[in-house]
Amino acid sequence: MSNNEHWENAYRSKRVDSVSWFQPRAEISLEIIRSTGLNPAEARVIDVGAGASVLIDDLLDANYHHVTVLDIAESALTVSRARLGERAARVDWRVGDVTTVDLPQAGYDIWHDRAVFHFLTREEDRKRYVEQVWRAVRPGGFVIVATFGPNGPLQCSNLDVCRYAPEDLHGEFGAGFELISHQAEMHATPAGKSQEFVYCYCRRSA
């Protein structure tokens, strides 16, 4: 089964509020995005692997005007469009694999990814991901990536994952990304389990 088929099936077979990664509010992500200090009316934000995340809602509520959403599963984005109603027209919706999709060069001021990077278990896929970040984020732009932490699960959605300590996650991106801060989150799944996440907040060098 391809990645696309896997994630299409995941979103078609389960309620979005029952999947393990569901958040009723994307509080940490929104807090870090706001901490960039960029003007919401001007900042160009991309949420990578957004699925049916409510971060989109939170960004629109916070008056971010230029929001792009990328996911490999069209069915996930369909859920978000329906939830947003008329506000969906304010979002740039893109379907594709983050390692291969065509993104505008230096097109974004803020790159956000919660729970995609840890699915990239092959070194070549991680390298392609980092190359995408280099191309798509403007010099001096910000990169926020959250993965399972060292004590997080070994699998998610029946797929193997990589777990990262903050220094290891930052090391995947290299010296061209200045680590501004990192923080841990104990995410409570809808099933009542705890999952350790690590957020790394970086700035792309000029």
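This report concerns the structure included in the present document.

## Some details on the pairing of strand S3 (residues 91-95)
Note on strand geometry: in a regular strand, side chains alternate between the two faces of the sheet.
Stage number 1. As paired elements, strand S2 (residues 66-71) and S3 share five bridges and run parallel to each other. Looking across to S3, one finds that Val69 is bridged to Trp93.
Stage number 2. Once the chain exits S2 it traverses helix H4 (residues 74-84) before rejoining the sheet at S3, and the crossover so formed is right-handed.

## What about the sheet that holds strand S4 (residues 108-114)?
Stage number 1. Read from one edge to the other, the open sheet built from seven strands follows the order S3-S2-S1-S4-S5-S9-S8, with strand pairing classed as mixed. Where the open sheet ends on each side, the last strands, each with one partner, are S3 and strand S8 (177-188). Along the sheet, successive strands turn relative to each other by an average axial angle of 15°, direction set aside.
Stage number 2. Sheet strands in contact with helix H2 (residues 27-35) are S4, strand S5 (137-148), S8 and strand S9 (194-204), and its direction is about 15° off that of S9.
Stage number 3. Along the sheet, helix H6 (residues 166-173) makes contact with S5, S8 and S9, crossing S9 at roughly 40°.

## Some words on the environment of Ser20
Stage number 1. Mapped onto the secondary structure, Ser20 falls in the loop between helix H1 (3-13) and H2.
Stage number 2. Distance from Ser20 to Pro40, taken between C-alpha atoms, is 30 Å for residues 20 residues apart in sequence.
Stage number 3. In contact with Ser20, other than residues within four places in its own chain, are Cys156, His187, Thr189, Pro190 and Gln195.

Analysis parameters
- For every chain, the first residue of its written sequence is number 1, and the numbers climb from 1 along that sequence.
- In view of the model being predicted, local features appear only for residues whose pLDDT reaches at least 70, and side-chain atom pairs are presented and counted only at 80 or more, with totals across whole chains, interfaces and linings using the full set of residues.
- Water and hydrogen atoms were dropped before computing side-chain values, which therefore reflect all heavy atoms in the structure.
- Two strands qualify as a pair provided DSSP detects at least 2 bridges between them.
- Secondary structure follows DSSP: runs of H or I at least 4 residues long count as helices, runs of E at least 2 residues long count as strands, and numbering of each begins at the N terminus.
- Seen with its strands pointing away from the viewer, a crossover is right-handed when the path leading from the first strand over the helix to the second is clockwise.
- Every axis in this analysis is a line fitted to C-alpha atoms, fitted for helices over the stretch in contact. Angles between the N-to-C directions lie between 0 and 180 degrees.
- By definition, residues are in contact when any of their heavy atoms lie within 4.5 Å.

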